[in-house]
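Examining the three-dimensional arrangement
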Amino acid sequence: MSEHVFHLLNIPPDFGINFALKAAQVNGLLTERTIQHNIRRLNRIEEAVSGSDSLGVSRQSVNEVIYRLELAARGEADTKEWNFRDLRIASYNLSEIEHTPTVWNFALDLLNKHWKDIYFNGLIFYVLNYWEKLSSDFREKVCDVIKQHLQNYEGHLNRMVALKKHSDLLDENGPVRLSALLHRRKVEIEEAPTLLGLSKRTISYAYFSNVILNYFKNQHPVNLQQAEALFVLHKHKRTKKLLLAYLVKDAEEHGNEMRQTVISKFATSILGDISLNATWSPFSGATDEEREELNQARELVNRWYARRVVNVFFDVCALDPARKEFWLQYVDYVSDFKIAGSLNVRQSLMADKHVGNMFHRYFIDTNSKISNTAALVLYIHNKIFAEFSDTGSLYIYNNDRKEIKRLLNQKLITSVNDLKTTYLNSAITQIQSDYYALYEEGSVRHMGYWQERLKVWFREKMHLEPHSAIHQYQTLSEEDELYLKTH
């Protein structure tokens, strides 16, 4: 009977044989699947916990632990009472006790003696996030503790295995070596943290400052769009300022004015008004060498602006190629400049693609709205040179001449003629065919061989020689072209 039933139901005849054993196997398989699922879930939780850069504890809890550390470091507390929670809080907050080395060293020793792998994350967060601010002594001590316990690590967390493999990158020159590793493996800078077993978002840590700097310094040409996107995540002023200082210097050395225009635009989008001294002010912890890099970048940017303004002033306002050619030989000595003119002059300058809006901070308005007469004022060392768009003379002043200094500090003057001190004598008087009497202040008429006379004045009075460097508008790389098109 059962055989007919099995046949009708399409059930194999031997289905009932060892039924109990098969049932047990099914139950075992389900149990095994459940166990494996839970193991994977626990691993994800452990990865998430160990990969966190915050504890989510209250400020009061942190203060209590710091207070206990201070007492214990003075021998006023029982160190045996330290528990896992307190030590984990300590691992994340070593930065708050750096000002007291005895307490800091006590806390690190405490973590080392009562080590648990969960402390990795707090110490890694601390040392990588404060890499540039930490003293070399503190940084080395923390990294030594981390590397010591990495050697003994026998777990299977992917992030810890990766960090153990590259623990040498926690040395002082680790960021430089990591940058070289990225280039060698053709890995993008955004992926740098993953080589240390960290999530991509940790690119924001200070450790990656030198990684980023060295990565882009060895990228030719620098991909500005990639750098711009990276700075959305990595916000450290040190990285931004030093990279831009490098880009400014590089563009200057190549003498490509189109590249300089691109870098100026890029730097402005990242730092703001790059013509301001404050924009290039040193960041906290800057070395003397880094301060000099920023100061040099500020001076170079000012030269770029001065070159552009000299070019455009004599092309648009004065229509005088001879004077333009002369001043381009001295423009690298210019430390600052001003332009004075009417609304009409301002609009004419704004319409030029090489100047645009960059000159606003330097512009002095006049009461006239339609006059086409303009003045270009150049500051070189302790002198002020005032050129005018109309025919006439150059005026040379000491930079402490009160009436000129007062006018140039205003944003509105009556007329550009106010900058002409007509009662001054000539600054250069020819005594013989090859001998001149030279004066500290005065006017120079643009007549005859005025360029040669003025070069003599610069040589004798200011010990300056003309520069023959030619800066041309050259072609751009595809990356720079793309940046200009999208910005």
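This text follows the structure it describes.
All figures in this text were calculated on a predicted structure; none of them were measured in a lab.

For helix 14 (residues 288-317), built from 30 residues, the straight-helix expectation of 44 Å at 1.5 Å per residue is met to within 8% by its first-to-last C-alpha distance of 42 Å. One or two steps after helix 14, the chain reaches Leu319, where phi turns positive at roughly 50 degrees.

Moving on to the pattern of salt bridges. Throughout the structure, instances matching the rule amount to 24 salt bridges. A salt bridge links Arg238 to Glu132; the shortest N-O distance between them is 3.8 Å. Separated by 106 residues along the polypeptide, Arg238 in helix 12 (residues 237-254) and Glu132 in the loop between helix 6 (119-129) and helix 7 (136-151) bring together distant segments of the chain. Looking at Arg238, the relative accessible area reads 12%, which means it is buried. The exposure class of Glu132 is partly exposed, given its relative accessible area of 29%. Ionic pairing is found between Lys324 and Asp315, a salt bridge with its closest N-O pair at 3.2 Å. Residue class for Asp315 comes out partly exposed when judged on its relative accessible area of 39%.

The next thing to look at is the packing of helix 3 (residues 59-73) against helix 4 (residues 84-92). Look at helix 3 against helix 4: their axes get within 10 Å of each other, and the N-to-C directions meet at 95 degrees. Regarding the angle of helix 3 to helix 4, the classification is roughly perpendicular. Packed against helix 3, whose contacting residues are Ser61, Val62, Val65, Arg68 and Leu69, the element helix 4 presents Arg85, Asp86, Ile89 and Ala90 at the interface. For the contact of helix 3 with helix 4, a count of residues per class yields five nonpolar, one polar and three charged.

Where helix 11 (residues 224-233) contacts helix 13 (residues 257-271), the axes come no closer than 11 Å and their chain directions differ by 10 degrees. As summarised for this structure, helix 11 and helix 13 are arranged roughly parallel, according to the angle between their axes. Counted together, Leu224, Ala227, Glu228 and Phe231 of helix 11 and Arg259, Val262, Ile263, Phe266, Ser269 and Ile270 of helix 13 form the full contact between these two elements. Partitioned by chemical class, the residues of the contact of helix 11 with helix 13 number seven nonpolar, one polar and two charged.

For the rest of this paragraph, the subject is the layout of surface pockets. For the largest pocket, the calculated volume is near 700 Å³. In terms of lining residues, the largest pocket is bounded by 30 residues, among which Glu132, Asn210, Arg238, Phe283 and Glu290 are the most central. Looking at the lining of the largest pocket, the elements with two or more residues in it are helix 9 (174-185), helix 10 (208-217), helix 12 and helix 14. No other element matches helix 10, which puts five residues into the lining of the largest pocket. Of the residues that constitute the lining of the largest pocket, the class distribution is ten nonpolar, ten polar and ten charged.

Conventions adopted
Residues numbered from 1 in each chain as written. Predicted model: local features only at pLDDT ≥ 70, side-chain atom pairs only at ≥ 80, totals over all residues. Heavy atoms only, no water. Helix = DSSP H or I, 4+ residues; strand = E, 2+ residues; numbered from the N terminus. Expected span 1.5 Å × (residues − 1). Salt bridge = Lys/Arg side-chain N within 4 Å of Asp/Glu carboxyl O. Buried < 20%, exposed > 50% of the residue type's maximum accessible area, 1.4 Å probe, protein only. Axes fitted to C-alpha atoms, helices over the stretch in contact; angles between N-to-C directions. Parallel < 35°, antiparallel > 145°, perpendicular 65-115°, else oblique. Contact = heavy atoms within 4.5 Å. Nonpolar A, V, L, I, M, F, W, Y, C, P; charged D, E, K, R; others polar. 1 Å grid on protein atoms, 1.4 Å probe; cavity = no way out; pocket = protein on both sides within 12 Å on 5 of 7 lines; lining within 4 Å. Points joined across faces, edges and corners; volume = space filled by probe spheres on them.

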